[in-house]
Amino acid sequence: MAVQFAVRGDYIQLDQLLKAAGLVDSGGAAHAAVEQGQVRVDGAVESRKRAKLRPGQRVRFAGEEIELVAAE
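Calculation rules
Residues numbered from 1 in each chain as written. Predicted model: local features only at pLDDT ≥ 70, side-chain atom pairs only at ≥ 80, totals over all residues. Heavy atoms only, no water. Salt bridge = Lys/Arg side-chain N within 4 Å of Asp/Glu carboxyl O. Buried < 20%, exposed > 50% of the residue type's maximum accessible area, 1.4 Å probe, protein only. Pairing = 2+ DSSP bridges. Helix = DSSP H or I, 4+ residues; strand = E, 2+ residues; numbered from the N terminus.

(A) Looking closely at the pattern of salt bridges. Taken as a whole and judged by the stated rule, the model has six salt bridges. Salt-bridge contacts for R48 lead to E46; the nearest nitrogen and oxygen are separated by 2.8 Å. We classify E46 as buried; its relative accessible area is 10%. Salt bridges linked by common partners bring R58, R60, E65 and E67 together as one network.

(B) Just the sheet that holds strand β3 (residues 40–41), in detail. Ordered by their spatial adjacency, five strands build an open sheet running β1-β7-β6-β3-β4, and the pairing between neighbours is mixed. The outermost strands of the open sheet, each flanked by one partner alone, are β1 (3–7) and β4 (44–45). Note that β1 and strand β7 (residues 64–70) share five bridges and pair parallel. When the sheet's bridge partners are listed, Q4 is paired in β7 with E67.

Below, the structure written as structure tokens:
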């Protein structure tokens, strides 16, 4: 089951999402996870650390799934 994360504005960068969701302790850890191919966006490995993610997308990392939703 996916955890929902509210995106304020049009998008959130992948590295910022991993930190904000508490999946990594730092931006460096987020960058390392992306570089190592550990992060999937909509089922595909994402290699861009600062990929712009928008509501409706899903991110998988470390056994967790995050569904992005628009903030109300």
